[in-house]
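What the coordinates show
The lines below spell out each chain.
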Amino acid sequence: MDRIAITGGYRLEGEIPISGAKNAALPLMCASLLTKDPFILSNLPQLADISTLKLLLKGHGVRAKVLNCGKSLDQGRTISFTTEVITSTVAPYDIVRKMRASILVLGPLLARMGEATVSLPGGCAIGNRPIDLHLKGFEEMGATIELEEGYVRAVAPGGRLKGGNVHFPMISVGATENILMAATLASGTTTIENAAREPEISDLVNCLNAMGANIKGIGTKTLEIVGVDNLHGAEYAVMPDRIEAGSYAIAAAMTRGEIELKGKDLMDAMRGTIGILREAGLRFQETEGGIVATLGTDKVKGINVSTQPYPGFPTDMQAQVMAMMTLCDGASVINETIFENRFMHVPELTRMGADITVHGSTATLRGIDQLLGAPVMATDLRASMSLILAGLVADRQTFVNRIYHLDRGYERLVEKLSAVGAKIIRDANLGI
Ligand code: UD1
């Protein structure tokens, strides 16, 4: 297995082009199932999760043609997806188990074919992550749901979903996306109440509307979808990845460097993140092509933060902020409210000398002066990034093992960090 070796202590300076957002790209790719026409997505990142979904979609009959392979760092890929005929409505366990977001094919398949059978995703490293909200939403739209042999089978009586009033008791990004896509082709009007408002949802709404859908309430808690008979093809550019951008902003601050994060409309998409990072002493300055991130104080300030749905502080930034807070002035308290098992980076950061105490969903940190390089183990995508960030400033060398997690969500990480001055390499077959 590959590992990443980092020699800490180098100031990072320069530009980092921010890739297309994984969490926007995945639902957008699933939307290709909703139309027979070619559907062209640009600014797609090259990530393991994108390849996994491409494979899943291929099994449903989606033909993907790479129009531009995006060779340079600042250019994403452009792929045309065409689904003239859905050849299978079954999403098999072999693929779904690799990536939970596979559940997002359920809504589009059900909408277009009137039935779908999707493997239950199962647990994942950061928690139980049920899909009950997705299923209740489909039932609200007339579908019958059966669970058999680890699979969910959903059927729309008469072959078409009908509009319904879907009220989510808690906010779910995936459930909002799934119901949104399903409702575009339903008969009648669907209302989603307590919808997630993440920028990736607005990206999906904009794209679906460009395909001929009729969705109102973009960016709000209530979405109204008037079903149409057909959607047509469209060309759409995936939004930049606000989590990748936030992670590199932290890299700039921790190394006392200055990084320009290049990407469109980042300031707005990163709202919840930027608010908290400013409290910690970071400075952000908008430029023509993005944002410049620096640390405006001598030492990062301690903060008290809870993860929240957008526009609050994102759970996907919690591990990276924790890496930064290991070196804060005074103490910090981080409360994880979204996922029940998202502190797996704590023991690894502790191995690097961090002073962190966890009680339930709350981590208390006392800032130390220096992290120490160590061999550490990546456990999930964002936890892996927290270890990379810690390694950038640790004394001597840090070896991050199990980096396949990083390949799921950070495009060309080693290349991007090297370009701004990090001493980081990927060693093939030296990890554990
Ligand atoms: C998405 C993101 C993920 C991010 C998360 C929260 C993608 C591909 N992934 O995941 O990176 O960390 O949003 O911002 O976009 N829940 C239920 N029942 C359900 C669905 C969710 O109880 O049917 C719970 C989850 O267990 C969790 C909370 O709701 O505690 C939020 O999950 P959700 O917003 O659905 O996350 P995902 O869409 O899976």
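Using the criterion set out here, one finds 18 salt bridges in the structure. The closest approach of N and O atoms between glutamate 84 and arginine 63, which form a salt bridge, is 2.7 Å. Taken together, the residues glutamate 84 in the loop between strand S5 (77-82) and strand S6 (90-91) and arginine 63 in strand S4 (residues 63-68) connect sequence positions 21 residues apart. A salt bridge links lysine 416 to glutamate 244, with the shortest nitrogen-to-oxygen separation between them at 2.7 Å. With lysine 416 in helix H15 (residues 413-419) and glutamate 244 in helix H8 (residues 242-254), this residue pair connects regions lying 172 residues apart in the sequence. One exposure class covers both lysine 416 and glutamate 244, and it is buried.

Another point: the site of the ligand. Lining the immediate surroundings of the ligand are 18 residues, of which Asp132, Leu133, Ser172, Asp316 and Ile338 lie closest. At 2.7 Å, a side-chain N or O of aspartate 132 approaches a nitrogen atom of the ligand. One of the side-chain nitrogen or oxygen atoms of serine 172 is found 2.6 Å away from an oxygen atom of the ligand. A total of 740 Å² of accessible area belongs to the ligand in isolation, and the protein chains cover 85% of it.

Now for the packing of aromatic side chains. Summed over all chains, the structure comprises zero aromatic pairs. Its guanidinium or amino end placed over the ring of tyrosine 10, lysine 423 lies 5.0 Å from that ring's centre, counting from NZ or CZ.

What follows deals with unusual backbone geometry. Cis geometry marks the peptide bond from tyrosine 310 to proline 311, where omega comes out at 10 degrees. Within the secondary structure layout, proline 311 lies in the loop between strand S18 (304-306) and helix H11 (318-325). Here asparagine 43, not a glycine, exhibits a phi torsion of approximately 60 degrees, which is positive. Position of asparagine 43 among the secondary structure elements: in strand S3 (residues 39-44).

Turning our attention to the sheet that holds strand S7 (residues 115-119). Taken in spatial order, the four strands of this open sheet run S6-S7-S9-S8, and their pairing is mixed. The sheet is open, and its two edges are formed by S6 and strand S8 (144-148), each paired on a single side. In this structure, S7 lies alongside strand S9 (residues 151-155), joined through five bridges in antiparallel fashion. Bridge assignment links serine 119 to a residue of S9, and that residue is tyrosine 151. Against the sheet, helix H4 (residues 106-113) touches S7 and S9, its axis set at about 160 degrees to S7.

On to the nonpolar core. Ranked by internal contacts, the top residues of the largest apolar core, which has 76 residues, are Leu41, Leu53, Val105, Leu106, Leu180 and Leu208. Contact partners of leucine 180, with chain neighbours within four places excluded, come to Ile192, Ile201, Leu204, Val205, Leu208, Ile215, Leu223 and Ile225. Counting residues in hydrophobic clusters, the runner-up holds 73 residues, among them Ile18, Ala251, Leu295 and Met324.

Reading the values: the criteria
The residue numbering used here restarts from 1 in each chain and proceeds along that chain's sequence as written. Side-chain atom pairs in this predicted model are given and counted only at pLDDT of 80 or more, local residue features only at pLDDT of at least 70, and totals for whole chains, interfaces and linings cover all residues. The basis for the side-chain values is all heavy atoms of the structure; hydrogens and waters are excluded. The rule for a salt bridge is simple: a side-chain nitrogen of Lys or Arg has to be within 4 Å of a carboxyl oxygen of Asp or Glu. To qualify as a helix, a DSSP run of H or I must reach at least 4 residues; to qualify as a strand, a run of E must reach at least 2; elements of each kind are numbered from the N terminus. A 1.4 Å probe rolled over the protein chains alone gives each residue an accessible area, and that area as a share of the maximum for its type sets the label: buried under 20%, exposed over 50%, partly exposed in between. Residues are classed as near a molecule or strand on a simple rule: at least one heavy atom within 4 Å of it. Pairs of N or O atoms are called polar contacts if they sit within 3.5 Å, as long as, within protein, a hydrogen donor faces a hydrogen acceptor (for residues adjacent in sequence, only side-chain-to-side-chain pairs). Where accessible areas are quoted, they stem from the Shrake-Rupley method and a 1.4 Å probe; at the residue level, only the protein chains shown are allowed to cover. Planes of paired rings set the category: under 30 degrees apart is stacked, over 60 is edge-to-face and the rest tilted, where pairs are Phe, Tyr or Trp rings (Trp by its six-membered ring) whose centres lie within 6.5 Å. Working rule: Lys NZ or Arg CZ, within 6 Å of ring centre, within 35 degrees of ring normal, means a charge sits over the ring. One bridge is not enough; two strands pair if DSSP finds at least two bridges between them. Whether two residues are in contact is decided by their heavy atoms, any of which lying within 4.5 Å being enough. Axes here refer to lines fitted to C-alpha atoms; in helices the fit is confined to the stretch in contact. Angles between the N-to-C directions go from 0 to 180 degrees. For this analysis, a nonpolar core means a set of buried residues of the types Ala, Val, Leu, Ile, Met, Phe, Trp, Tyr and Cys, connected via side-chain atoms within 4.5 Å.

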